[in-house]
Structure formats: C-alpha cells, structure tokens
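The lines below spell out each chain.
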Amino acid sequence: MQIPDKLKSYVNGPHGMNMGTRGADLQPEYARVLGSRFVDDQHIHLFFDGPSAGRTIQNLHDNGLVSVILCSLENYESYQFKGKFVSLHPSNPDDLQWIANYLEDINVLLVKVGFPDQGMYKYPRSSMMTLLMEVEEIFEQTPKAGTGQKVFA
Amino acid sequence: MAPIITEEMQEAMQGVVPSTLVTCSKAGIPNTNYISQVYYVDAEHVALSHQFFSKSIRNIDENPKVSVSIVHPESFQMWRLDLVFIRKETDGDLYDQMTLQLEAIASMTGMEDVFHLLSAYVFKVVDIHKIV
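Residues numbered from 1 in each chain as written. Chains lettered and ligands numbered in written order. Predicted model: local features only at pLDDT ≥ 70, side-chain atom pairs only at ≥ 80, totals over all residues. Heavy atoms only, no water.

## Considerations on the pairing of strand β6 (residues 78-89) of chain B
All names here are of chain B.
Then, number 1: As paired strands, strand β5 (residues 65-71) and β6 are joined by seven bridges and run antiparallel to one another. Along β6, the bridge assignment pairs Lys65 with Val84.
Then, number 2: Between β5 and the antiparallel strand that follows it, β6, lie six residues; Phe76 among them carries a positive phi value of about 65 degrees.
Then, number 3: Here ten bridges tie β6 to strand β7 (residues 119-130), and the two strands are oriented antiparallel to one another. Considered in β7, the bridge of Glu89 is made with Ala120. (Pairing = 2+ DSSP bridges. Helix = DSSP H or I, 4+ residues; strand = E, 2+ residues; numbered from the N terminus.)

## Here's the deal with the packing of aromatic side chains
Then, number 1: Taken as a whole and judged by the stated rule, the model has five aromatic pairs over all chains.
Then, number 2: Ring plane angle 75 degrees and centroid distance 6.5 Å describe the contact between Tyr123(A) and Phe76(B), whose orientation is recorded as edge-to-face. Residue Tyr123(A) is located in the loop between α3 (93-112) and β7 (128-140), and its partner Phe76(B) is located in the loop between β5 and β6; the two belong to separate chains. Residue Tyr123(A) shares its accessibility class with Phe76(B), and that shared class is buried.
Then, number 3: Here a set of aromatic residues connected by ring pairs shows up, and it is made of Phe115(A), Tyr123(A) and Phe76(B).
Then, number 4: The cationic tip of Arg32(A) hangs over the ring face of Tyr123(A); the distance from NZ or CZ to the ring centre is 5.1 Å.
Then, number 5: Its guanidinium or amino end placed over the ring of Trp98(A), Arg37(A) lies 5.2 Å from that ring's centre, counting from NZ or CZ. (Phe/Tyr/Trp six-rings, centres within 6.5 Å; stacked < 30°, edge-to-face > 60°. Buried < 20%, exposed > 50% of the residue type's maximum accessible area, 1.4 Å probe, protein only. Lys NZ or Arg CZ within 6 Å of the ring centre and 35° of its normal.)

## A look at the sheet that holds β5(B)
Residues and elements named next belong to chain B.
Then, number 1: Ordered in space as β2-β1-β5-β6-β7-β4-β3, the seven strands form an open sheet in which the pairing is antiparallel. In the strand order of this sheet, the two ends are held by β2 (30-35) and β3 (38-42), each with one partner. Geometrically, the sheet is characterised by an average inter-axis angle of 35 degrees between neighbouring strands, direction not taken into account.
Then, number 2: Two strands pair when backbone bridges link them, and strand β1 (residues 19-24) and β2 are joined in this way by six bridges, in the antiparallel orientation. For Thr20, the partnering residue across the bridge sits in β2 and is Tyr34.
Then, number 3: Contacting β1, β2, β4 (45-50), β5, β6 and β7, helix α2 (residues 55-62) crosses the sheet at an angle of about 50 degrees to β1. (Axes fitted to C-alpha atoms, helices over the stretch in contact; angles between N-to-C directions. Contact = heavy atoms within 4.5 Å.)

## As for helix α3 (residues 93-109) of chain B
Residue and element names in this part refer to chain B.
Then, number 1: If you check α3, its first and last C-alpha atoms are 24 Å apart, about what 17 residues at 1.5 Å a residue would give, namely 24 Å.
Then, number 2: Every buried residue belonging to α3 is among Leu94, Tyr95, Met98, Gln101, Leu102, Ile105 and Ala106, and all of these are buried. Buried positions in α3, seen along its axis, are confined to an arc of 145 degrees and lie on one side of it. Those residues of α3 that are exposed and angled more than 90 degrees off the buried face are Asp93 and Leu100.
Then, number 3: A positive phi of about 70 degrees marks Gly110, the residue just after α3. (Expected span 1.5 Å × (residues − 1). Arc of directions from axis to C-beta.)

On their own, these measurements won't tell you what the molecule is for.
This is the structure in structure tokens:
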C-alpha cells in the first residue's frame, strides 16, 4: 500500500510509539519505540533499543511480522501500521540525531501535560537499532467507538 | 517460582500512562494497541479492560498469550508483562471496581463519553521483565 499523504508527516511527529512482534510459538512481544521516520511511500524507519526489546530482534529475523502504534499526545489521534521487516542495522549518527530530536520534542509535550521533565530520557538507549519496515496496512486507532477502520491512500 | 507483581508495579497500573497491549492472531499477525486499564487483581493476576469490539479482543479469543507494558507515571519505570488469558467477567466486584477506575481515567483524559467497560479480561502473569 501507499502511505497516505496526511500520514507522511504524522509519522515524523513526537508521538507515543510502541511496537509488537511475535515468536514461533505465537507469543507476542512488546518493545518501546523512540522515534519513527517516513522513508518513502511504502516504508518507515522505527528506532528502538535492542537489548531492552526482549525477543523483538529474534522475532523480526524469524518471521518479519511487525506492528507499531503511534499516538499523538496532544489529541490522541492514533494509527497502527502493520507490515514486515525489511532490514535492521545499528543506528547511525543521522539516526541518533533523529532520536535525540524525538526525545527533546516529546519531552516538551510530556511536561506540558504534567509529566516529570526528562522522564523519557530514562528509556534505555545503549544499543539503538534502526528498523526499516514495509507498511502493508494502516488502521486508525484513535480512542472512540468504531475505531479500527483501515486507512487507504 | 511464579512472577509477583510488586507494590511499585501496582503504582504503574493507575491508568495515568496508557499501557500498550500486543496480541497475535491464530494466523500469526501481531496487533499493537493502547489499553486504558491494566488492573491489579492479586500478586499473580491482572485484568484488562475490554471497551470496544476490537482486533485485540478477537486475537485473545484465538490466542490467549499477550504482552503488555506498564509505566510508572513519576519515575518512568517500565515493565513488560507476559500474560495468559484465563476468563472474562461482565459483572461482580472486579467488574464494578474496574468500572469505577475507568470512570476516573476517562475523567482525567476527557474521555467520559468514549470509555465504557464491556467486560474485564482476567490474565495470569507468566513473566515480568523490567525495561527501565
């Protein structure tokens, strides 16, 4: 699928971001995402810390299936992107700068809604990884009755 | 030894920071979504709020294994819990207590007209990982 225009800039925003994968035994695995980036009409980057992501990397290599949810802290506008793993590499200096900008921006928003300053900086970042994800489906997940509808380009 | 929910973790179950729920369909497709409530039942069990007819609920009906995150709103300590579904409740003490807490969460987030508890999904905690 093509990522709709309205979501291309949304993906780059300082949202809450969380990722799910699963193992061969269908055991789901949660991982925190510290930034996402629009790459092209079918792909996005997700940044996460490898060591604290449990079986995520193993799951990505085993079956490649991934879903990630993004939620605006300002208005709860949320979307879930489902798709598959394309590649994974240690975050390079450009990626690390993107992550730093993400943390700075989301920290401002979190403080605005009453959370402690610098809280986001406590998330582990010892070995940040950059995941290239091919987006196959997008679902709106903004909390409301009837949410979960598929989003089309 | 069974994993135990500590007092510190209970403070991360007040609904101040929304939790994330990862489920997986029988066909193996992961699904990630936010959940308003991870409710402490006892040291080895939690309950999740079912508010909408969602893909997460359909997945749990197909595959009882889930992974959920909880975050302490002040310290930002974070845990990942592996859970397995046991039963759902649509009335009784647990359901009533969760309804009250959900009303408080809805009030905090301006979601009074959106959040409504349909049922409480009770899970056994099978593993706990501290992330932060």
